[in-house]
Amino acid sequence: MASKERIKDIKKRKLVREKTRKHRIYLIRRCVLVLIAIGLIIWAILGIKGCINRVKLERAREAAILAASEALKPTPTPAPRYNDYGIDETFYNNTVFLGNSFIEGMTVYDLLENADYFSKIGLTVSQVMTEATDMGNIPVIEELNAGKKYYKVFLMFGENEVGWIGDSFFKQYKEVIKKVKEYQPQAEIYLLAITAISKKVSEENVDNLNVDTVKYYNTKIKELASETNTIFADLFSATAGVDDFLPDDAATDGIHFGEDYYIKCLKLIQDINRETPKPEQSPAPSKEQK
Amino acid sequence: MKKILLSLTVIISAFLFTACANNTEVKKSAEEIAASLAMNVEFSETMNDLSQRVLLRKYGLDETMVTEAAGYSGTKAVVDEIAVFKTDNLDKVLENVDLHIESQKTNYSSYAPNEMPKLEASVIHTAGNCVIVCVSNEDTASVMDKINIAVE
């Protein structure tokens with residue numbers, strides 16, 4: 001009798017242990033599922049938050065660009081204000097010139113009241129991305145990303161690149177323009193044509209610098225301006241004589257002329273502004289048509 | 001006797017001090033010195049009078065670093081230039097002048113190598129509180145003579 005009860009008892013305990021074990025497993029499974037569910041919910045919340053933040057940031061960035069552009073828009077028809085050289089200071093107010101010795105040379109004459117200049121002798125469209133001005137610390141192109149916003153950016157390249165092979169100059173110039181648009185999205189961008197050279201320089205043909213190459217490059221720069229929605233300034237016509245050469249007495253080296261030719265160039269550029277409808281400016285959601 | 005000797009000593013000492021006194025101020029203006037050099041030194045081109053802000057920008061200086069500045073330059077075809085600075089900060093001005101001349105050498109060594117001899121013969125001279133820079137067709141000794149005349 002006693003052994004029967006003991007067997008019963010043992011069986012009963014086994015049953016209880018079994019039940020307990022199964023219950024424990026059930027609880028563990030439930031906990032794991034709950035934890036996974038909580039993890040998924042947290043992940044979903046973070047994902048949604050991330051998306052919302054990205055959208056907010058994007059909108060804030062666009063708003064900032066638009067605000068900057070709106071703040072810098074000149075009045076619809078600013079009145080010209082001519083200095084003693086006949087140059088319109090209003091047109092050149094808050095502008096910047098970037099480029100090679102043409103720009104370096106212009107700085108000597110201090111013809112403009114409120115323009116900046118970032119230039120270097122011999123500067124090319126590849127060096128502008130890597131080299132600083134003589135007294136600068138950052139690549140020339142980065143000077144446009146230093147906080148100041150300009151109404152207009154004037155670019156002068158080409159003369160030091162006429163000896164380059166194929167289309168490499170134009171491809172790199174395009175990259176420069178892209179960078180300018182990125183740093184100064186509100187600015188009008190002008191591509192300045194290579195200026196005329198003397199007959200002697202053309203005949204010497206050093207590094208492929210001759211009148212035909214200059215004219216060819218200017219044609220391509222004009223096409224580039226059209227392609228990139230920028231403005232072409234034909235400084236070749238401002239500086240060339242009837243024979244397409246720079247007059248012999250204009251420059252001691254047949255290339256780098258003096259003050260009077262720079263005045264001609266600046267006047268030509270300001271007159272383009274009046275004659276030519278301006279292209280659409282760089283991307284901004286609700287810019288006015290000019 | 002002693003009184004006479006003492007008086008003589010004082011008078012002679014006074015003369016010695018005034019004669020040997022270090023004259024820290026150049027009396028002529030920067031403009032006058034620069035104009036004198038522009039007129040008397042030989043350059044490859046007609047030199048253009050530079051505005052003060054152009055000159056300071058060229059040398060990486062600002063108005064706080066100099067009391068007077070005047071200069072002349074040719075076109076970018078040549079390295080010819082004159083710069084005269086009056087300053088209380090000689091070291092800074094000299095440092096920037098050196099930097100500028102070195103930059104010119106770097107730029108023109110490939111751009112217009114025929115201009116290099118002028119840069120090698122460039123004169124950087126200090127007289128009192130005045131820094132005078134001259135890059136020209138003339139040799140150092142000849143330019144120095146003309147600087148001394150300009151400064152007197």
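For the structure itself, consult the block above.
Residues numbered from 1 in each chain as written. Chains lettered and ligands numbered in written order. Predicted model: local features only at pLDDT ≥ 70, side-chain atom pairs only at ≥ 80, totals over all residues. Heavy atoms only, no water.

Draft legend 1. Geometry of the interface of chain B and chain A. At the interface, 22 residues of chain B touch 22 residues of chain A. A combined buried area of about 1,700 Å² lies between chain B and chain A, and 56% of that area is made up of carbon and sulfur atoms. On the surface where chain B and chain A come into contact, there are eight residue pairs in polar contact (both at pLDDT 80 or more). Every element with two or more residues in the side of chain B that touches chain A is listed here: strand E1 (48-50), helix H3 (52-58) and helix H4 (90-111) of chain B. A total of seven residues in the side of chain B that touches chain A trace back to one element, the largest contributor, which is H4(B). (Contact = heavy atoms within 4.5 Å. Buried area = accessible area lost by both parts, 1.4 Å probe. Polar contact = N/O pair within 3.5 Å; in protein donor to acceptor, adjacent residues only side chain to side chain. Helix = DSSP H or I, 4+ residues; strand = E, 2+ residues; numbered from the N terminus.)

Draft legend 2. A look at the packing of aromatic side chains. Residue and element names in this part refer to chain A. Inspection of every chain in the model, using the stated rule, returns 21 aromatic pairs over all chains. For the ring pair Tyr-92 and Phe-154, a centre distance of 5.6 Å and an interplane angle of 45° mean the geometry is tilted. In this pair, Tyr-92 is assigned in the loop between helix H1 (2-72) and strand E1 (95-99) and Phe-154 in strand E3 (residues 152-156), connecting sequence segments 62 residues apart. Relative to Phe-257, the ring of Phe-102 lies with its centre 6.1 Å away and its plane at 80°, an arrangement referred to as edge-to-face. Here Phe-102 is found in helix H2 (residues 101-107), whereas its partner Phe-257 is found in the loop between helix H6 (235-239) and helix H7 (259-275), with 155 residues between them in sequence. These aromatic residues form a ring-pair network of at least three members: Phe-91, Tyr-92, Phe-97, Tyr-117, Phe-154 and Tyr-190. In this arrangement the basic side chain of Lys-152 is found over the ring face of Phe-91, its NZ or CZ atom lying 4.3 Å from the centre. One Lys or Arg, Lys-264, reaches over the ring of Tyr-261 and ends 4.3 Å from the middle of that ring. (Phe/Tyr/Trp six-rings, centres within 6.5 Å; stacked < 30°, edge-to-face > 60°. Lys NZ or Arg CZ within 6 Å of the ring centre and 35° of its normal.)

Draft legend 3. Highlighting unusual backbone geometry. Residue and element names in this part refer to chain A. Positive phi, close to 60°, is recorded for Asn-229, a residue that is not glycine. The residue Asn-229 is located in the loop between helix H5 (211-227) and strand E5 (231-233) in this model. Overall, Asn-229 belongs to the partly exposed group, its relative accessible area being 34%. (Buried < 20%, exposed > 50% of the residue type's maximum accessible area, 1.4 Å probe, protein only.)

Draft legend 4. Main features of the layout of surface pockets. Reported here for the largest pocket is a volume of approximately 920 Å³. Taken together, 38 residues make up the lining of the largest pocket; nearest its centre are Val206(A), Ile255(A), Ser110(B), Tyr111(B) and Ala112(B). Counting residues per element, the ones that place at least two in the lining of the largest pocket are helix H4 (199-204) of chain A together with H4 of chain B. Take the lining of the largest pocket: its biggest share by element is five residues, from H4(B). For the lining of the largest pocket, the class distribution of residues is 14 nonpolar, 13 polar and 11 charged. (1 Å grid on protein atoms, 1.4 Å probe; cavity = no way out; pocket = protein on both sides within 12 Å on 5 of 7 lines; lining within 4 Å. Points joined across faces, edges and corners; volume = space filled by probe spheres on them. Nonpolar A, V, L, I, M, F, W, Y, C, P; charged D, E, K, R; others polar.)

Any functional reading would require information beyond the geometric quantities listed.
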